[in-house]
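Structure assessment
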Amino acid sequence: MPNTSDRLPDRDDAPGGRPFVDRHLGPDDAAIAHMLEVVGVASLDELIDRSVPAGIRTSTTPLDELPAELQQGVDESAVIEELRHVVADTSPNVSMIGLGYHGTVTPAVVRRNVLESPAWYTAYTPYQPEISQGRLEALLNFQTAIGDLTGLPVVNASLLDEATAVAEAVTLMHRATKGFADRVIVDADVLPQTLAVLTTRCSALGIGIDVVDLDDGLPDAELADNEIFGVVIQMPGASGRVRDVSAIVDAAHQRGAMVTVAADPLSLAVVTPPGDYGADIAVGSSQRFGVPMGFGGPHAGYIATREGLERNLPGRLVGVSVDVDGRPAYRLALQTREQHIRRERATSNICTAQVLLAVIAGMYAVWHGPDGLRRIARRVHGLARRLATDLRAVGAQIVHEHFFDTLLVKIDGRAEEVADTAEAAGVNLGRIDADHLRIACDETTREKHLAIVVNAVAGVTGSKLPTATQARSAAAEPDVLPASMRRMSDFMTHPVFHDHQSETAMLRYLRRLSDRDYALDRGMIPLGSCTMKLNATTELEPITWPEFAELHPFAPTAQSVGYRAMMVQLEEWLAALTGYAAVSVQPNAGSQGELAGLLAIAAYHASRGHTERDVCLIPSSAHGTNAASAAMAGMRVAVVASGEDGSIDIDDLVSKLDTHAGRIAAIMVTYPSTHGAYEDTIGEVCRMVHDAGGQVYIDGANLNALVGVAEPGRFGGDVSHLNLHKTFCIPHGGGGPGVGPVAVAEHLVEFLPGHPAHPDQQRRETPVGAVSAAPYGSASILPISWTYIRMMGIDGLTRATQVAVLTANYVAARLDEAFPVLYRGAGGLVAHECILDVRGLARQTGIDAEDVAKRLIDYGFHAPTLSFPVAGTLMVEPTESEDLAELDRFCSAMLAIRAEIDRVASGEWPVDDNPLVNAPHTAEMLVGDWDHPYDRQTAVYPSPSTRLAKYWPPVRRIDGAHGDRNLVCACPPPEAFEMDAEPSQPAEPAEESR
């Protein structure tokens, strides 16, 4: 490795005398020197030389082969100026396009105190529920609002977008009906992007799709001998049509099929909810609940079901359980469905939810309450009625009599002319064909926008404008909803949707919830396999710019020139950094990136006539989503064993290759391995699989240990997905959003995901279809990664990798004697994470890894990854962003906990009553009698740092089994939290929770 530090920007060239690289990295030069000494290496370059196998290393950094923008980082002021210039060609019009994306107003109190607050956007997935009560309550608000609006009682904590939610619903229906049929009927009025994603997903699973105009009900021919298992209905339809579908639902049920309704949640404030007419599942997007369009994402999709489908529900479900004192407490329910447990038996490959966006949507509902949502819905509906009246007056035909917010307008042969005129005046309409336009109203629609549309139509029809247009009230227009489809039931009756509608109350509520959580703004989150690094403020600043936030994903291409240029540039940078030929940023989560990569491999084999290649080899240590994604791509999974050192067992790999000779499609390898080591056999593994005719998929989860050091596309990878929410600084947001771009070698470029609305793909067929609803996935957060890479430059990125590896080895060196490091690489070093073995201590003392994890809360830390990939262990990843003081604080806490375990081992503290098994300790425990064999100070102030900045967990250890056996996934009544309420007794552990 060259000495990259010689090429880092001079500190005097940056504002304040320091380049961004130094702001991003936690340890300074003096700290790095100390840490190197503890690890026993002389320099960062020697560290990498000893850690990373020579055969895969990037031995030089050829600047002339890299895009110019990567050759030198820039400072924070310069990057904002540069990005402003890049998006100067992006000028979003007011959108009246519809198709599931609408203008919305993010309440300022929510934008300021959630979207822009690190207490919310730097939090991790709530696997440690005791320190995640704030965001879990916020997600429960989301679930409750969606459940009430849809009329269905079981709601999960969000999905990736509406299109993938529909796809998940279809596979849920298929499972729930025991696969008695393999065809699904889809409403012809479904959103086109939904149909595109559904086609991609169903094709891989062998599910047939019949697109049917349901105006006349279900076609009898399709229902003969129970040929279908489900029906998908859009409500309102893509054309805006609202219709009574109860007869369709009844007909489907009579034939044993289930029904999914894709419903706009704002419409459900005035339109009959799907649960009221018997739908089994409702799905949709909560985007218009305060989340900007953002050129397509990220947005929180939702899924709600009737009772009885809970254990088939994809994604995450927040439920209400109790802590050890019987007090109500929130947690993720039914966690045994998590993909790292179920693997190829998983019901879905969804790992990331859209937590931050679901929180915003839920808080939008809290802020407005049911009355506010009704007012917004009625106003939007009134504007659409008003527009329909005026358009008829100027010669246009309104195709559908019944609608909510969207009109299908017929103007014979002149539709394009009308759209051009409106666009020139600043309003985008939905272009359908030469005769038809789609025109949607939303929360941001104003009288002047209606006037632009009416004027444009009048201009081509030659009609006289209606008189007194501005004086008429939209509410005075006749109601056009069919009587059978007008909502009569109440919704959102829980006090949470009524008590926080002054800004003072809302501000305090948001603060109260964030105080119950632990995020990066409090301290280190040392999670192995899920890099929790700095998300710099400068990186996040652009996402609220109108150019990024207010653009419809299907806006005319001329309005997104700069935006698309930025994303193309990001794709080129990611390809250069990984050694691949091309990248697509369409996948809006790592799970979707995995699926896209495997679909590319499958399509490649099919293009060569090798459809028999359907076996995907997966090491036993792999992320569980790997196996789930392979199953969803239509592949069969064969597990390859791990050796005693944690690396891939080469002998078992040979055996599996022989067993499945001629059928090998791919191997999915995580590198560095999930065990936290650079395996020196990776080159051999790639060669063996290639010789067997397979492709090599390298999971990019651990790319933070490779950037600038080794390129998967050069050392044997054919395809990888990249987690931008890990390596490239998009925040985790409490469990989402994420972005999972897919990177491929040259021979797979033509098999990258397509999209019918992608400007470069409308003119050609793509073998692999859409995997996300929007052409560029979660486009609005891509500026975060663009800005990070641009400020770091190749040398800063390389140094970040080196320091990440150094911090992990420093922690391993300090803790190895107390908690043995389970796996190391050939050089005796770990990669960017290490696994601490607690199993021996558990056998000796009864104190296990979970006790250590919970006790860390008392010391002011989020726990490392618990029992993955090895049960009874803790996997630690410090990242490059933590400074030496924080690393030492963590090591000191772990060593102090080891000393506490020794006191249990010596008999000083009983095995069943000590600070570890009772952790975490709450403030409430200090009140009243204290009958433990250790004092209060030991319980809650175990280290000096806790006395300076104490984090108080709001609940004690939570009983997961109780929550699974008594599933409650909506807001409990306030009485449940009263101090004098009778605590419920924890139930015996459910079998699946053991």
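Residues numbered from 1 in each chain as written. Predicted model: local features only at pLDDT ≥ 70, side-chain atom pairs only at ≥ 80, totals over all residues. Heavy atoms only, no water.

1. A word on the environment of Leu 160
- By secondary structure assignment, the location of Leu 160 is in the loop between β2 (154-155) and α8 (162-176).
- For Leu 160, a relative accessible area of 1% corresponds to the buried category.
- Separated by 45 residues in sequence, Leu 160 and Leu 205 place their C-alpha atoms 20 Å apart. (Helix = DSSP H or I, 4+ residues; strand = E, 2+ residues; numbered from the N terminus. Buried < 20%, exposed > 50% of the residue type's maximum accessible area, 1.4 Å probe, protein only.)

2. A few points about the nonpolar core
- If you look at the biggest cluster of nonpolar residues, it comprises 257 residues, and the most contacted ones within it are Met 363, Leu 387, Leu 391 and Ile 789.
- Considering every element that reaches this core, the biggest residue donor is helix α13 (residues 355-393), with 20 residues.
- Non-local contacts of Leu 391, meaning those with residues more than four positions away in its chain, are made with Ala 396, Ile 398, Leu 407, Val 409, Ile 439, Val 453, Val 454 and Val 457. (Core = buried A, V, L, I, M, F, W, Y, C linked by side-chain atoms within 4.5 Å. Contact = heavy atoms within 4.5 Å.)

3. Description of the state of the cysteines
- Under the definition given, this model contains zero disulfides.
- Free of any disulfide, Cys 729 has its nearest cysteine sulfur in Cys 530, 14 Å distant. (Disulfide = S-S within 2.5 Å.)

4. Some details on the packing of aromatic side chains
- Applying the stated rule across the entire model yields 17 aromatic pairs.
- Considering the side-chain rings of Tyr 604 and Phe 751, the 6.2 Å spacing of their centres and the 75° angle between planes classify their relative orientation as edge-to-face. Of this pair, Tyr 604 sits in helix α20 (residues 590-607) while Phe 751 sits in the loop between β21 (742-744) and α24 (782-815), placing them 147 residues apart in sequence. Both residues of the pair, Tyr 604 and Phe 751, count as buried.
- For the cation-ring pair, Lys 950 lies above Tyr 941, with the distance from its terminal atom to the ring centre recorded as 6.0 Å.
- Positioned above the aromatic ring of Trp 952 is the side chain of Lys 950, whose terminal nitrogen or guanidinium carbon lies 5.0 Å from the ring centre. (Phe/Tyr/Trp six-rings, centres within 6.5 Å; stacked < 30°, edge-to-face > 60°. Lys NZ or Arg CZ within 6 Å of the ring centre and 35° of its normal.)

5. A look at unusual backbone geometry
- Note the cis peptide between Tyr 671 and Pro 672, where omega equals -10°.
- Secondary-structure assignment places Pro 672 in the loop between β18 (664-670) and α23 (682-691).
- Cis geometry is adopted by the peptide bond preceding Pro 737, which originates at Gly 736 and carries an omega value of 25°.
- Within the secondary structure, Pro 737 is located in the loop between β20 (719-722) and β21.
- Positioned with a positive phi, Ser 158 is a non-glycine residue whose angle comes to about 120°.
- Along the polypeptide, Ser 158 turns up in the loop between β2 and α8.
- Judged by its relative accessible area of 0%, Ser 158 falls in the buried class.

6. Quick word on the sheet that holds strand β22 (residues 834-837)
- With respect to topology, three strands assemble into an open sheet ordered β22-β24-β23, the strand pairing being antiparallel. Lying at the two open borders of the sheet, with one neighbouring strand each, are β22 and β23 (865-866).
- Sheet topology places β23 next to strand β24 (residues 873-876); two bridges connect them, and they run antiparallel. Paired with Thr 865 across the strands is Met 875, a residue of β24.
- Packed onto the sheet, helix α26 (residues 849-858) meets β23 and β24 and runs at close to 45° relative to β24. (Pairing = 2+ DSSP bridges. Axes fitted to C-alpha atoms, helices over the stretch in contact; angles between N-to-C directions.)

7. With respect to the packing of helix α19 (residues 561-578) against α24
- The geometry of α19 relative to α24 is characterised by a closest axis approach of 10 Å and an angle of 40° between their N-to-C directions. It follows that α19 is oblique to α24 by the angle criterion. The way α19 lies across α24 gives a crossing that is left-handed. Residues Met 566, Met 567, Gln 569, Leu 570, Trp 573, Leu 574 and Leu 577 of α19 pack against Leu 782, Pro 783, Ser 785, Trp 786, Ile 789, Arg 790, Ile 794 and Leu 797 of α24.
- Its residues assigned to classes, the contact of α19 with α24 comprises twelve nonpolar, two polar and one charged. (Parallel < 35°, antiparallel > 145°, perpendicular 65-115°, else oblique. Left-handed = near helix turned anticlockwise from the far one by under 90°. Nonpolar A, V, L, I, M, F, W, Y, C, P; charged D, E, K, R; others polar.)

8. Quick look at the environment of Val 359
- Turning to its location among the elements, Val 359 is positioned in helix α13.
- Separated by 330 residues in sequence, Val 359 and Asp 29 have C-alpha atoms that sit 40 Å apart.
- Contact partners of Val 359, with chain neighbours within four places excluded, come to Val 114, Trp 120, Ala 138 and Leu 139.

9. Concerning the pairing of strand β8 (residues 301-305)
- In terms of burial, β8 is largely enclosed, as five of its five residues are buried.
- Burial of β8 is two-sided: the residues Gly 301, Ile 303 and Thr 305 facing one way and the residues Tyr 302 and Ala 304 facing the other way are all buried.
- The pairing of β2 with β8 spans two bridges and is classified as antiparallel. Its bridge partner lying in β8, Val 154 is registered against Thr 305.
- Taken together, the five bridges between strand β7 (residues 281-285) and β8 define a ladder with antiparallel strand orientation. Within β8, the residue paired with Val 283 across the bridge is Ile 303.

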